[in-house]
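# Understanding the architecture of this molecule
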Amino acid sequence: MSLGVVWNYLFGFPDETEEDYDSVIDQLPAIHHLAPPNGVTRVAIERFSPYFNRPELGFGDLRPAAHYAVIHDLSESELRDMAYVFDAAHQGISSTRAERLDKAIET
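Let me begin by describing the structure that accompanies this report. This is a predicted model, so every value here is computed, not measured.

## Notes on the pattern of salt bridges
A complete count under the given rule lists four salt bridges for this structure. Put simply, R100 and D22 hold a salt bridge, and the shortest N to O gap is 3.2 Å. With R100 in helix α5 (residues 95-106) and D22 in helix α1 (residues 18-27), this residue pair connects regions lying 78 residues apart in the sequence. For R100, a relative accessible area of 37% puts it in the partly exposed group. Accessibility expressed as a relative area gives 26% for D22, which makes it partly exposed. When the shortest N-O distance is used, the salt bridge between E56 and R54 registers 3.0 Å. By relative accessible area, which is 41% here, R54 ends up partly exposed. Within this structure, E18, D22, R97 and R100 form a network of salt bridges that share partners.

Basis of the calculations
- Every chain begins its residue count from 1, and numbering advances along the sequence as written.
- Given that this is a predicted model, residues contribute local features only at a pLDDT of at least 70 and side-chain atom pairs are listed and counted only at 80 or more, while totals for whole chains, interfaces and linings are drawn from all residues.
- Hydrogen atoms and water are omitted, and side-chain values are computed over all heavy atoms in the structure.
- Salt bridges are defined by distance alone: a side-chain nitrogen of Lys or Arg within 4 Å of a carboxyl oxygen of Asp or Glu.
- The helix and strand labels rest on DSSP assignments: H or I over at least four residues marks a helix, E over at least two residues marks a strand, and numbering proceeds from the N terminus.
- Relative accessibility under 20% of the residue-type maximum defines a buried residue, over 50% an exposed one, and the middle range a partly exposed one, all with a 1.4 Å probe and only protein chains included.

Structure below.
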């Protein structure tokens, strides 16, 4: 039996800046000896998480993730009652910086 480490790099938190990621991207080549993350992912807002329960942390105006409406023919209020993952306005770094981070991790 063996143990492996699997991880991903989360981004999109409130108050992060483009500059926060410059040093991360620059340092990635120095950790080539570690297993790379499986990918780069924008943080998800999940029911029962602090970001769901406390909109003052930066994610207001939550709505059920778009895929729920494709799967279930329900009103938004019914979807809200059953959903576990929610969409919100993107926070933190831009898509351009996220793509740069993704390419750096892929390399």
